[in-house]
Every structure is written in C-alpha cells, then in structure tokens.
Amino acid sequence: MEVKAFYWKGDALELLDQRELPEKEVWLRLKDYREVAQAIRDMAVRGAPAIGCVAAYGFVLGVRSGEDPEKVYETLKNTRPTAYNLFWALDRMKKVFEEGKDIEAEARAIEEEDYQANKRMGEIGQSLIPHGARVLTHCNTGALATAGWGTALGVIRSAHYAGKNIFVWVDETRPYLQGSRLTAWELLRENIPHSIITDSTAGFLMKRGMVDCVIVGADRITKDYYVANKIGTYALSVLAKAHGIPFYVVAPKSTFDRGYTTEDSIVIEERSEREVKFIKGIPVAPENSPALHLAFDITPPENITAIITEEGIIKL
Ligand code: MRU
C-alpha cells in the first residue's frame with residue numbers, strides 16, 4: 001500500500017518520522033510552526049516537494065498562533081537551503097496571506113497539486129521506460145518525498161503498474177541512506193522487484209550491461225537546466241554518459257527556479273559531519289578525523305537525456 005509522509009489535521013500536522021524508518025513507524029504531531037521548522041531541518045521530513053507542502057502547513061500554524069507572519073516565513077525558509085520547493089511554497093503562502101485570502105485552502109491546494117503533478121509525471125515518464133527495464137535510482141523520491149506517488153519513484157511506480165515488469169537498482173545513498181532505508185521500504189510494500197546496492201556499485205553494473213536507465217529527482221533546476229540533487233547524482237550522470245545509458249530527471253514545475261540562479265549560485269547544503277561519521281549513533285570513523293558532508297551536487301544539462309515534468313518531456 002502506498003504510504004503518506006504527512007497528514008494535515010486542521011489544527012496540527014502529523015508527520016511520519018523518516019529518521020526512524022524502516023525499523024519503526026513513528027508519527028509526530030506538530031502544533032507549533034517552530035516544531036515544523038525543526039522537523040524539516042532535522043530531516044524527520046525530507047524530499048523537496050514534501051518539504052514545500054509541510055512548510056506551507058507550518059505557515060498556517062504559525063500565522064494562526066498570532067506570531068508575526070514575516071517571522072514565521074523567515075523561520076521556515078531558513079531550514080534547508082537547496083530545495084527550491086520550500087521557497088516556492090512559502091512565497092505562495094505569503095502572497096495569499098497578504099491578499100487576505102484563505103491560507104489553509106492554499107496549503108491544501110499546494111499538497112493536492114503536488115499529488116496530481118506526480119501522477120501525471122508518472123504517466124508521462126513511464127512511456128520512456130522499456131518493458132523489462134532495469135532502472136537505477138538514487139535517494140528517495142517516492143511518496144515519502146512528496147505529497148504522494150513520487151517523482152522519479154513515481155515513474156517507476158507507474159511503469160510497474162503499467163505491467164512493464166521492471167526491476168529497480170536502489171542506491172544506498174550515503175550518508176542518510178534514503179535509498180536503503182526509504183526507497184527499498186516503499187518498493188517492498190508494493191512488491192516492486194528491487195535490489196539495494198552500495199553507491200559505489202553503480203558503475204560496475206553499468207559496465208556489465210545491467211542498467212538500462214537512470215531515473216532521479218531534483219531539488220532545484222535552473223533556467224538553463226542545471227540540476228541540483230542528492231550528492232552522488234552528478235557521479236551517476238557521468239557514469240551513465242560514459243556507458244551510453246539514458247539519464248532522466250523527474251521534477252514538478254515547483255522545483256524549477258524562477259529566479260536568475262546559475263550553476264554557481266545554487267546554495268549547496270553542508271550538513272553535520274556527525275551524519276557521515278555515525279550511523280544510527282554507532283561510530284563508523286575515527287572520532288578525530290574531520291569529514292565533509294555536502295548534501296547535494298549539480299548535474300549539467302549535457303549529462304541529462306531528458307527532464308520529465310507534469311507538463312511534458314524536456315529533451316536535452
Ligand atoms: O536530503 P533530502 O533527502 O531532502 O534529498 C532529497 C533529494 O535529493 C530528492 O532527490 C529530491 O528532493 C527530489 S524528491 C521528490
């Protein structure tokens with residue numbers, strides 16, 4: 001059964017705590033916008049479209065509590081710097097508030113539109129997936145990362161339900177393990193055939209002819225189609241190009257940066273080295289070795305075969 005990452009309850013936001021998956025299904029009940037900001041920062045909820053939806057509900061909670069709307073907006077905005085959907089959703093909420101319109105209805109609309117966009121991208125994208133394809137994906141771009149269905153994982157879902165008999169290689173996705181913890185969990189629930197691989201296995205599988213296409217999501221896409229996504233995406237794109245394998249990006253229009261952001265001006269989130277040096281509290285590195293933890297990288301358009309949106313396919 002398809003999962004949901006969050007539910008709006010009118011006076012609270014219920015969030016599936018993704019830090020606890022796959023071992024435990026723990027639901028958080030958030031009533032304060034500052035708790036919502038903390039949940040985004042700590043990655044209890046993650047994935048660009050889901051972050052946007054949750055921030056919109058956080059804005060509703062904050063404004064209703066009587067807090068200064070500008071402060072609510074800034075607090076939610078300053079949680080994670082790369083995912084464009086966060087800024088897109090908050091700007092939309094702020095505008096509706098300033099126009100004196102219904103902010104709860106707007107947050108609900110953002111959620112519903114994202115779900116519909118995912119279903120549409122699934123339909124459009126699955127037409128590119130051959131019968132029996134072995135698809136490699138990175139990070140988690142499924143129902144957990146969106147309002148439901150998913151972007152790249154949504155295309156995989158749609159191809160599976162179209163009876164295409166596909167198989168999924170799931171990149172583990174160090175260090176937060178969105179692939180092995182979250183994507184594998186979603187695929188297992190729906191009996192979609194898959195195998196988890198360590199991130200460094202991808203190249204050799206391509207060399208052996210065991211990957212037919214790569215499908216990933218996006219956190220931000222610039223006007224000239226540079227794609228910021230989970231660290232490791234760029235390396236996969238280089239490998240796919242070297243092996244002549246199609247490389248697809250799947251993202252709704254809400255991920256497309258409407259400003260003049262260039263490849264160099266995208267802010268790449270740098271997270272705590274603790275997330276690299278410990279797995280679930282267990283040390284996997286010497287305590288005194290420093291670690292660099294960049295959460296995202298940027299893939300240039302020349303490495304991308306096509307970008308799939310709810311409005312159609314952009315061939316690059
Ligand atoms: O750090 P995360 O888990 O929020 O990163 C998620 C990704 O990189 C996804 O690929 C992207 O947000 C698209 S999710 C539909």
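Structure's up top.
All chains use their own residue numbering, which begins from 1 and follows the written sequence. Given that this is a predicted model, residues contribute local features only at a pLDDT of at least 70 and side-chain atom pairs are listed and counted only at 80 or more, while totals for whole chains, interfaces and linings are drawn from all residues. Side-chain measures were taken over the full set of non-hydrogen atoms in the model, leaving aside hydrogen atoms and water.

Novice: How would you sum up the pairing of strand S4 (residues 134-137)? Please name residues and give values.
Specialist: Here four bridges tie S4 to strand S5 (residues 167-171), and the two strands are oriented parallel to one another. The partner of Val135 across the bridge, within S5, is Val168. As a crossover connection, the stretch from S4 through helix H6 (residues 152-161) into S5 is right-handed. Note on pairing: two strands pair once DSSP finds at least 2 bridges between them. Each helix is a run of DSSP H or I of at least 4 residues and each strand a run of E of at least 2, with the numbering of both proceeding from the N terminus. Relative to strand S7 (residues 213-216), S4 runs parallel, the two sharing three bridges. Pairing of Leu136 across the sheet is with Val214, part of S7. With its strands directed away from the observer, a crossover is right-handed exactly when the path from the first strand over the helix to the second travels clockwise.

Novice: Explain the state of the cysteines to me, and be specific about the residues and the numbers.
Specialist: By definition, a disulfide is the covalent link that joins the sulfur atoms of two cysteine residues. Sulfur atoms of two cysteines make up a disulfide when they are within 2.5 Å. Taken as a whole, this structure holds zero disulfides when the rule is applied. Here Cys53 is not cross-linked by a disulfide; its sulfur's nearest cysteine counterpart is in Cys139, at 16 Å. Residue Cys53 is classed as buried on the basis of its relative accessible area of 1%. Counting only cysteine sulfurs, Cys139 is the nearest neighbor of Cys213, a cysteine outside any disulfide, at a range of 17 Å. A residue is classified by how much of its surface remains accessible, and Cys213, at 1% relative accessible area, is buried. Think of it in three bands: residues with accessible area under 20% of the maximum for their type are buried, residues over 50% are exposed, and the middle band is partly exposed, with areas taken using a 1.4 Å probe on protein chains only.

Novice: Go over unusual backbone geometry with me, naming the residues and quoting the values.
Specialist: Pro22 follows Leu21 through a cis peptide bond whose omega is 5°. Looking at the secondary structure, you find Pro22 in the loop between strand S2 (13-16) and strand S3 (27-30). For the bond from Arg174 to Pro175, the omega torsion is 0°, close enough to zero to count as cis. With respect to the secondary-structure elements, Pro175 resides in the loop between S5 and helix H7 (178-189). One non-glycine residue with positive phi stands out, namely Trp149, at about 75°. Position of Trp149 among the secondary structure elements: in the loop between S4 and H6. On the basis of relative accessibility, which here comes to 10%, the residue Trp149 falls in the buried class. Although it is not a glycine, Leu177 sits at a positive phi angle of roughly 65°. Relative to the helices and strands, Leu177 is located in the loop between S5 and H7.

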